[in-house]
Each structure stands twice: as C-alpha cells, then as structure tokens.
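Overview (structure and organization)
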Amino acid sequence: MAFSPKVKRTTKHGDGAQNLLRSQKDAYARLLNQHQNGKFRSYLQELATQQVEESMSTSVSRSVNVVSRRKKGNSESSYSVDSLSSQQSRQMADASICSYTDKTSYQVTCTEDQGIKPGMLEKHARMELHKAAAPKKVPSKPQHKRNEKDIKISSNLVGSEEGDSQQLSCSCGEEQAKDKSKKKRLKGNLAKKDEGECGPEVDVITGKSPNKNIKAPQTQASKESLLQNNKDKGTKSGRGSRKQLFEEYMRTEDVSAGLERGELIKGVLRINPKKYKEAFVPSPDGSADIFLDGIAARNRALNGDVVVVKVLPPEQWKEVSGDINERTLANQMVPKAPDVIVEARYNEDDEVIGKMKNVCLHDKAPVTTQSVKHGSAFNISGSSSERAMQRTGKVVIIFEQKHSRAASGFLKFLPNKNFAMFSPVDHRIPRVNVPLVDCPADFVSRPGDYENVLFICRITHWPADNNFAEGRLAKTLGQAGEIEPETEGIMTEYDVDFSEFSEEVLNCLPQDLPWSIPAHELSRRRDLRKECVFTIDPATARDLDDALSCKQLSDGNFEVGVHIADVSYFVEEGSVLDQIAGKRATSVYLVQKVIPMLPRLLCEELCSLNPLTDRLTFSVIWKLSPEGKILSEWFGRTVICSCIKMSYDHAQSMIEAPDKHFSAEELPPCSTNHRIHEIKEAILNLHNIAKQLRAQRFESGALQLNQLKLSFSLDKESSMPQGCYVYQYQDSNKLVEEFMLLANMAAAHQIYRTYPELAILRRHPPPQSKMVDDLQEFCDQMGLDIDLNSSRGLHRSLNENLGNDEYAAARREVLTHMCSRAMQMASYFCTGALKDENSFHHYALNVPLYTHFTSPIRRYVDVIVHRLLAASLNCGPPLSLSLEEVHKLASHCNDRKTASKRVQELSSELFFAVFVKECGPLDSEAMVMGVLDQSFDVLVLRYGVQKRIYCNVCMTVFNFCLFS
C-alpha cells in the first residue's frame, strides 16, 4: 500500500513543519503508534486511505476551528490530561480492542464539553494525517510575522483556561508555558476568525465557561483577560501577579445569615464520575438538583463534601431538553435503593463502576452527548422537544469536608522541577503537586519504572490561584491491576481504618482465656440454654450475631425468639474499645476479606453465637398466632447455647423437603440435647409464620426492590476469583429477614417510648417526586402498567403486571434498577433532632418507627440501641450521651455506612474485572435500560451488572472485526 510508508514517516518525524499540526499530536496517529498489531495497523491505514477524499472536502477554517477547540478541551481537562498520558504509556504494549476503545472514547470526551461531535474529531484526524504526508508550503516571512502578531491577541482569547492553568499557575511554570506557546502559535489567525462564531466562553465565577448556554458578559471580560495576560508575559510567566482561579470563601456569619434567609442552600456535593466538570447539589424542596458547571463553580470542594451553594441568577441557568435529571441519575454516588434487604443483613448491593487501570472491563468512556442535548434515561427515544431550565449555582464555602482528601494514582516526572505530578485514578480529584523528597529514591533517574505503580497521596492544601492541589505521598501500594494494591487504595480513599487494633484497645478485652460467663452475670439473665436455639447464616460466616428459636405451645400458638449477641456487655461505654468501634462504625465486607469493627476475639469468638457454646444475648420473645399476630412481647438479657450452626442452604433443603428424614451426615454438628427432627420442625414453623408476616407487610404497603447481587468463588490459596454467579435469594433468607425486621421494629418502639428525645432510629423518605413523575411518564410511553403512586402499588406492579413471557424476569430486573434510582437513601437520626414525627416514617417498610438492633457485631448503631434497651428495661446503666452527641453519632454512622457500601461495590467491580480479564470473554443476554444520544445503558442479566455502551466504540470494533 503506497500510503503506509508515508503514515509511518509522518508519525515519527513531522518533517519540521512548524505552522501545521504535527501528525504525532493527532489522536489518529497516536492510536497508530500505540497499537503494534500489524493487522490493526493495516486496518487503520486502509480506513484512512478510503476516507481521505471525504476529509479533504472539509473547509480549512472549520477543521482548524475544531483543532483549536479540541486543544482547548484537552487543556481544560486539568484533572485528567496527565493521567491519560500516563495511562497511555502504561498500556503501549497492550494491543487489545479494550485499550483501543478506551482511548478513542477518552478523546471524544475532551471535545464534548466544547460541543464537538466525535465524528468531527475522527474526520479531522484523518485529514491531518493526509496533510502531513503531502508536501507542505512554507509561508513567506511577511506572512509569518503577521501570524505571530495575530497570535499575540488570539492566544489570549482562545483556550483561556489553558492560559490560566499553565501560565499563571506555579505548578506549571515557565517550561510548560513555553511548550504551550508553540500550540498557541499554530492556532493563530483562524482561532481569531472563529472568535466571531463561538466567542470567548465566560464562566460564572472566573470569567470562562465550557457551557455556551450560560449567558454572561463577554466583551469586557475578554479585554480584561487580554490586558492581564499581556501584563503577565512581562513578569516571568505571570508569577508576579497570579490570577485568582477560585473565589474566596464566604465568611461564616454571612453563610449562617444566608441559610436562615433561604438565599443559600446546603447539601452534599456529587460529582459526575464520567464527566468530572459536572456536579450537583440536591435541592431541599425535592425538585431538580442544582447544577454546578465547571471546576471553578465547585470552589475546591470534593465529592461527598457538605457545601453551601449560592444559586445564580436565572439568566445563567442551564437550558435542557427533556428530563433534566438524566445526568443526576448517572452520577449518583451510591444507588438510592430502599433498604428492606439492608435491614436484614443482605446489604451488599452491587452498583459496579470502573476503577482498574490495567483491566479491560473498565468503563472509561464518558457520555458522548453534547452539553445541552441530553437524552433521558427515562426517555427511550431521547427526542422530547420539551425544554426546561435547571438552576445553576456555585459553592461559597465547604461546610464540612467529608472526602478523605486521599487518593490512589500515578506519578509523573516533570523535568527541572522540584516536585512531581500526581494523577489520581479518580478524575474527580484534582492533580496534585508532590515534593520530590516524597518520591522513591530512584524516581528522578528511572521514572519509567514507576509508570504502572500505584501511590497514595493526601491533599494538604489547594490554593485559590492554582488548578492543582498540593499534597504529600503517603505510601507506595504496588502494581496497578493487582488485587491487594487496588484494594488498599480503595480503602484508603474512603477512609476505611484497616489497621490492626492497638494494645490499648486489646487490653479492654477479657484477658483470662478461655473465657467463661461469670456466675453473677448468669444469675441476672434469663437462662435459655436448654431451649432449641440455632443460627442460620451464610456458610462462610464467622461473626454470628443472631439466632432463632421456635416452639409450639399447648394452645396452638408459638413462642418465637430472636436472640442477638450482647456486644454491649464487652464494649464498655467510653472505653478505648468503644471509641475505636464508634470511629469505625461498621465492618466492611470485601470480596476476599472482612475489615471488622471490633477485634476478632469479640467478632469471631466471645460475641459470636457459635454452636455448643454458652453465649450472652439480648433477646426479644413473642407469643405469635399461626397467622403471625403478636399476642405478647418480652425484652431482656439472656444466655443461650446454640445447638447447631446452619447455612441458608441447609435450612432451604428442609423447607423444600418437609417430609424428608435428614441424617446427621447431611447437617453440621448438632447438640445431643436436641434431635434433628425437632430443629426441622422449628424451621418449618418459622417458615410458615414468616410467609404470613411477609404477606401482611406487602399488603400493608411495604416495598422490596430486590437487585441482583454478584458473588464470587475464590481460590483458597491465592484468593483470585475462579468463578462468579448471581446470589440466589431463597425462602430461608426470607425467613431470617422477616424475624430480623420484626425485632428491629419492636426495639424501635421500646426505645422511643422510653427515650423520645434520645432514641436513634432509621428513616427512609419517600422518593423524589420529579424522578417518580419522569419514571411514570416513561412507563406509560412504553405501555408498562406500573403504579408509582404508592409503595404498595409499585410492589404489586413489579410482581404482577409484567407478563409471564420469557423476558418478564429481565423486564422486572430493569424496572427494579430504574425504580431504585428514584429512591432516597435511608438514614439514622436522633429523634430529638426531628420535631415532626411524620418524618420518622420508613417508606420502603411502610412503618412509623424502625431501627437497627440485630447486628451489633458489625454495626455500632446497634450497640447504642442495645444500651438504650438495657437502660429502658432497668438492666443496664443510663446512656450518658446528650441529644447533640447522639445526633452527631447518627450522622457519622451514616457517613461510614455509605463509605462502607461504596468500598464493597468497588471491591466487587475489581474482582469482576480481574475475573473477566483472566477468564473472559463472557457471553450474556442484556436488556436495554435507557437510550441516550450516542450511547445506551444495559443490564447484563447473567451477572446483574449495569454497563453503558457507546455507539462509536461499537462501530469501531465492528468494522475492525469485519476487516479482520
């Protein structure tokens, strides 16, 4: 092929044409260099040859305008440009299609904020490739001088953010400013011409904005920017007068006054993980979120921070077509699913997001829609002509830093600098300048050795006049893509304390081992050691914190008991052990291990309700009718001896085969005091009562959105994933769930009656009305009979109105995911902090009062509830905490529960990505959940994984396969 040698020659040398874009700078040529596979190179060259005539027909002015805007988009991506470069260098040897699609998708990202369509970028890349191979004309000297003169003006108007971040920032310095000057000279005259069309884009805060829909004065700002930048050129790259990139924070007293007057809004900042320039703060009235457009509008706040926002004037609001909440749904920090399953211990829901650098199955490709035209996830056609205005705002102060300010990422060496550039894996976190003294000793001499090494960096300061933060390296993790370094990075980012417990903490535990229950303690408790009590847990569980009992009474009713490990007996209030447990607040369940809230001596031995061992418990015992009606209730401290440790599968086998005679070999070791037949009868009775309780709950308006949960089988030695499957939620799970829910509700009523100001409960607000309306409209358009007016109607619709064809189950899964998006998060609260008792209501369970009582080994809130219960029953000291302290404790437990859930999700995604890399490709049916402009979301039914598919990537892979 005659064209091939030219392609290779131009991509390597560029032949000294300074007034034209060098071909190695082009996205297309970079791809050609990065993929050494001969067949793939031949395919790309063939594609360029076939389309060169079409490319040449494009006008020069339009193509150069695209170039300037593309470069501007790249320079504005101050969080991710360097990280892209390091990622490319790490993946040079990888000739896989996954690498190719990730890189092409990222290049589209850099242009989308500027309104450039992906097709334009690819088209321009092909044209420039052809032009680089063709003979080039050197401009005359007068023309060259005129270009330089024009560039002095236009370079300040085009790519202003590039000028700010590179010219005025100390982190970039003189060398980077010089490197950028060549690019600016190449933009020259045509960039100035294009000014009349696109104009200098002005931000609501700093005078420049990537959003064309936000109107702001431009002429005066442009002149001032021009004068300032020209002045800076004479002061050593602008260092003498550094520009303020972020606004100063508002004074505390002004913030308080503004919040009282309703002029300011406080809320949790959420940054879109796929488009880091977009952020949102929820509106207090439940309407559409407030949109924060650009990095400057966030004012150095990070994802999860509690911020105070000022809403901008209406003329600066964003005009959006169709549903303005589509992007809000896409960037939820955690899925807002109801916590019916969460309450019963099965809370490892899976929302999977991409994280790994070297694994093929990561979702790096961002949404390729333009900034104005967004296809709604609830608008399957994306063609709605309805227009709406979304409020925009800016952060005036960070009310509370919830983000840990720690990140995992990669180091980039900067020549002639006394610092290195740290590029976080998470692009929502800014790049960080770290001193070279923190880097490995041979980093300066051998930076290439660390291109694929993960580091932990902690941000220490983010100046108002710098796009980059300042920080210190905390730790070297290891090679990216390996499970343990990635896992440690995840835990550090979300501030999970995985350190060993100190000697001071361990000294709080019983020292005389083996430990036995003191005689005086036995005398103060109800003795249930002769009762048929047993546990039902996952087969691998080691922290057994609940047990069940059931015996039939002579009158035909049943005595049913829920027995919970008495952790509060061992964790004395105010002790060092209590403090560390409160700080951790929850155990964190990763795929391969557990990070416990309490020392393992308590979690797995002294508190765990292990079989054939006397254990201290807190029990609630009811007298129930066969229909599940509560006839009486008793709370108190007890002592039990579990007769058998059963798994869910063991209990399920008894439920499915009620007439079968089970031998001792088919079950775990059992106490000789209780026959297997007695245990089976108890489980069958509990199952029958649980079915009645469950039916009554849903008839009363409860809602349960069961989402698929991905589980893994691991190699015993390496802990590497050998297989993955969707966890099956069986009748045995439902049995345990019903009685845990019943115990939690009983505990909530008991502590609220006694301590109406200090009780710590759990509330679940109703879903956001706007999102429910959008979902209802979508279902109506699709002909789906879904009732979203109440939790009862929704539950009935999902279980009765979706047909009985082969895709009914898939349809139900998709709608369950979509309904979960509209749900708000359940949260802990102190009853004295909320004056309206109606706000205590739990929407998903449809009950007035609810709390957590059944898992004190892994949840600190349950320990507090146990102390409140003991005090209310006069079998324990009164709680020493004040209302304010309980309120802060509830807020802290909410934060840690959210972080724990996120870490669990990322752990699941990490293992799934490793599994696919090692064992893939995997085939599975998927159902479309929503269609956007240039992508669509699918639910992979076999694994319960939600993914976004990009149409341009699909076409590239499809064409390559055809060519192959």
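Predicted model, so just to flag it, every value in this text is computed and none were measured.

Taken as a whole, this structure holds 39 salt bridges when the rule is applied. Here D449 ties to R446 by a salt bridge, and the two come within 2.5 Å at their closest N and O atoms. Exposure remark for D449: the relative accessible area of 40% places this residue in the partly exposed category. On the basis of relative accessible area, R446 is assigned to the partly exposed category, the value being 47%. Between E559 and K551 there is a salt bridge whose closest N-O contact spans 3.8 Å. On the accessibility criterion, E559 (23% relative accessible area) is partly exposed.

Once that is clear, we can look at the environment of W317. Summarising the element assignment, W317 is placed in the loop between strand 5 (306-311) and strand 6 (318-321). Remark: the alpha-carbon pair of W317 and R391, spanning 74 residues in sequence, is separated by 4.9 Å. Polar side-chain contacts of W317 include one of 2.7 Å to the backbone oxygen of L312. Within the structure, the side chain of W317 is placed 3.4 Å from the backbone oxygen of P313, a separation counted as a polar contact.

Now for the UniProt feature "site: Important for catalytic activity" (unreviewed entry) in the protein. The UniProt entry lists D545 under the feature "site: Important for catalytic activity" (unreviewed entry), expressed in the numbering used here. Within the secondary structure layout, D545 lies in the loop between strand 15 (533-537) and strand 16 (546-552).

Turning next to the nonpolar core. Counting residues in each nonpolar core, the largest one holds 98 residues, and the members touching the most others are F534, L548, F739 and F853. The leading source of residues in this core is helix 26 (residues 731-754), at 11 residues. Here F853 is in contact with I564, F618, V620, F635, A743, N744, A747, D862, V865, H866 and L869, once residues within four sequence places are set aside.

Taken together, the 4 bridges between strand 9 (residues 406-412) and strand 12 (residues 453-461) define a ladder with antiparallel strand orientation. Within the sheet, the bridge partner assigned to G409 lies in strand 12 and is F455. With 8 bridges joining them, strand 12 and strand 13 (residues 469-479) adopt antiparallel strand pairing. Note on strand 13: the bridge partner recorded for I459 is G471.

A word on a negative patch on the surface. Judged by side-chain charge, D773, E777, D780 and D785 come together as a negatively charged surface patch. For D785, the position within the fold is in the loop between helix 27 (769-781) and helix 28 (791-800).

Let us now look at the confidence of the model for the protein. On average, the protein scores 75 in pLDDT, and the residues at 70 or more come to 67%. Mean pLDDT per element in the protein: helix 17 (residues 340-343) is the minimum at 32, and strand 17 (residues 558-565) is the maximum at 98. Here residues 57-240 is modelled with pLDDT under 50, and outside its nearest four sequence neighbours on either side it reaches 335 contacts, counting other chains as well. Segment residues 322-386 is flagged for pLDDT under 50; beyond a separation of four residues in sequence, or across chains, it makes 257 contacts in the model.

Take the side chain of R694 next. Among the secondary structure elements, R694 is positioned in helix 25 (residues 676-699). A residue is classified by how much of its surface remains accessible, and R694, at 14% relative accessible area, is buried. Among all residues touching R694, those that are not within four sequence positions of it are Q704, Y729, K734, E737 and E738.

Taken together, 5 strands build a closed barrel; the order of strands is 9-10-11-13-12 and the barrel is mixed. When the angles between neighbouring strand axes are averaged without regard to direction, this sheet yields 50 degrees. Strand direction decides the pairing type here: strand 11 (residues 432-435) and strand 13, joined by 2 bridges, are parallel. Pairing of N433 across the sheet is with E470, part of strand 13. Helix-sheet contacts for helix 18 (residues 483-493) involve strand 9, strand 12 and strand 13, and the interaxial angle to strand 13 is about 150 degrees.

Under the local residue numbering, the UniProt record ascribes the feature "binding site: Mg(2+)" (unreviewed entry) to D537 and D546. Tracing the sequence through the fold places D537 in strand 15. Of the residues examined, D537 reaches a relative accessible area of 3% and is grouped as buried. Here D546 shows up in strand 16.

Orientation of helix 26 relative to helix 30 (residues 860-872), taken along the N-to-C sense of each, is 60 degrees, at an axis distance of 9 Å. Viewed along their axes, helix 26 and helix 30 adopt a mutual orientation that is oblique. Two packed elements cross with a definite hand, and for helix 26 against helix 30 that hand is left-handed. Contacts between helix 26 and helix 30 pair A747, Q750, I751 and T754 from the former with V865, L868, L869 and S872 from the latter. Its residues assigned to classes, the contact of helix 26 with helix 30 comprises 5 nonpolar, 3 polar and no charged.

What counts, and at which threshold
- Residues numbered from 1 in each chain as written.
- Predicted model: local features only at pLDDT ≥ 70, side-chain atom pairs only at ≥ 80, totals over all residues.
- Heavy atoms only, no water.
- Salt bridge = Lys/Arg side-chain N within 4 Å of Asp/Glu carboxyl O.
- Buried < 20%, exposed > 50% of the residue type's maximum accessible area, 1.4 Å probe, protein only.
- Helix = DSSP H or I, 4+ residues; strand = E, 2+ residues; numbered from the N terminus.
- Polar contact = N/O pair within 3.5 Å; in protein donor to acceptor, adjacent residues only side chain to side chain.
- UniProt positions renumbered as here; feature names shortened; annotations may be inferred.
- Core = buried A, V, L, I, M, F, W, Y, C linked by side-chain atoms within 4.5 Å.
- Contact = heavy atoms within 4.5 Å.
- Pairing = 2+ DSSP bridges.
- Patch = residues over 30% accessible without salt bridge, like charges linked within 9 Å, V, L, I, M, F, W, Y side chains within 5 Å.
- Areas by Shrake-Rupley, 256 points an atom, 1.4 Å probe, with all protein chains shown as cover.
- Lys, Arg positive; Asp, Glu negative; His and termini not counted.
- Charge placed at Lys NZ, Arg CZ, Asp CG, Glu CD.
- pLDDT = per-residue confidence, 0-100.
- Axes fitted to C-alpha atoms, helices over the stretch in contact; angles between N-to-C directions.
- Parallel < 35°, antiparallel > 145°, perpendicular 65-115°, else oblique.
- Left-handed = near helix turned anticlockwise from the far one by under 90°.
- Nonpolar A, V, L, I, M, F, W, Y, C, P; charged D, E, K, R; others polar.

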